[in-house]
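What follows is the residue order along each chain.
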Amino acid sequence: FFSALGRAAPGPPIAASLRMGKDRRKEKAEESESLGKKADKFGKKGDGKIAQNQGPDKSFTHQTCRHILVQKQSDALRISEEIHTGKISFNEAAFKYSEDKAGAHGLLGDKAQNELDPDFWAASIKCKEGDWLREPVKTQWGWHLIMVQARITKKKK
């Protein structure tokens, strides 16, 4: 675009929209909303880190979870990095990579503590609602990336 002298090269002017990067804020907001992320008062989303100094909240009986199950920790770390950098969404990664035998593409649904592996439950308790854990969790079935979509209380029948 510039000649060796630093002046604009002759030719048709470049439209301003072509010079600017694409504004992805609206797309990111829609993606976050579809994943159930809630914005705080500053418009920021969760950071996906385990909440420090935050004990388990016992005001719920079930968690609505998604997960990505793989057999190797290296695969889980690679997928986590792809999601974190925005190359792929958590849901897209679950469809593409999860080796979950249930065939639900990572959707576990509403699960009580006794329905999940103890290590899985313990990790999911530390995750913020509407967010996902960047660190894979090892269980008897393999390595999981966990997303907690909601926490609910179901009444006993």
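Residues numbered from 1 in each chain as written. Predicted model: local features only at pLDDT ≥ 70, side-chain atom pairs only at ≥ 80, totals over all residues. Heavy atoms only, no water.

### Focus on the packing of aromatic side chains
The final tally for this structure, using the stated rule, is two aromatic pairs. Note on Phe60 and Trp121: the rings are 6.3 Å apart at their centroids and 40 degrees apart in plane angle, and the pair reads as tilted. In this pair, Phe60 is assigned in the loop between α2 (25–34) and β1 (62–70) and Trp121 in helix α5 (residues 118–126), connecting sequence segments 61 residues apart. Accessibility assignment for this pair places Phe60 and Trp121 in one class, buried. Between Phe90 and Trp132 the ring centres are 5.9 Å apart and the planes differ by 50 degrees, which places this aromatic pair in the tilted class. Here Phe90, found in helix α4 (residues 90–97), pairs with Trp132, found in strand β3 (residues 131–132); they are 42 residues apart in sequence, far enough to count as distant. The class of Phe90 is buried, set by a relative accessible area of 0%. With a relative accessible area of 3%, Trp132 lands in the buried category. One Lys or Arg, Arg78, reaches over the ring of Tyr97 and ends 5.2 Å from the middle of that ring. Between Arg134 and the ring centre of Trp132, over which it is positioned, the NZ or CZ distance is 3.9 Å. (Phe/Tyr/Trp six-rings, centres within 6.5 Å; stacked < 30°, edge-to-face > 60°. Helix = DSSP H or I, 4+ residues; strand = E, 2+ residues; numbered from the N terminus. Buried < 20%, exposed > 50% of the residue type's maximum accessible area, 1.4 Å probe, protein only. Lys NZ or Arg CZ within 6 Å of the ring centre and 35° of its normal.)

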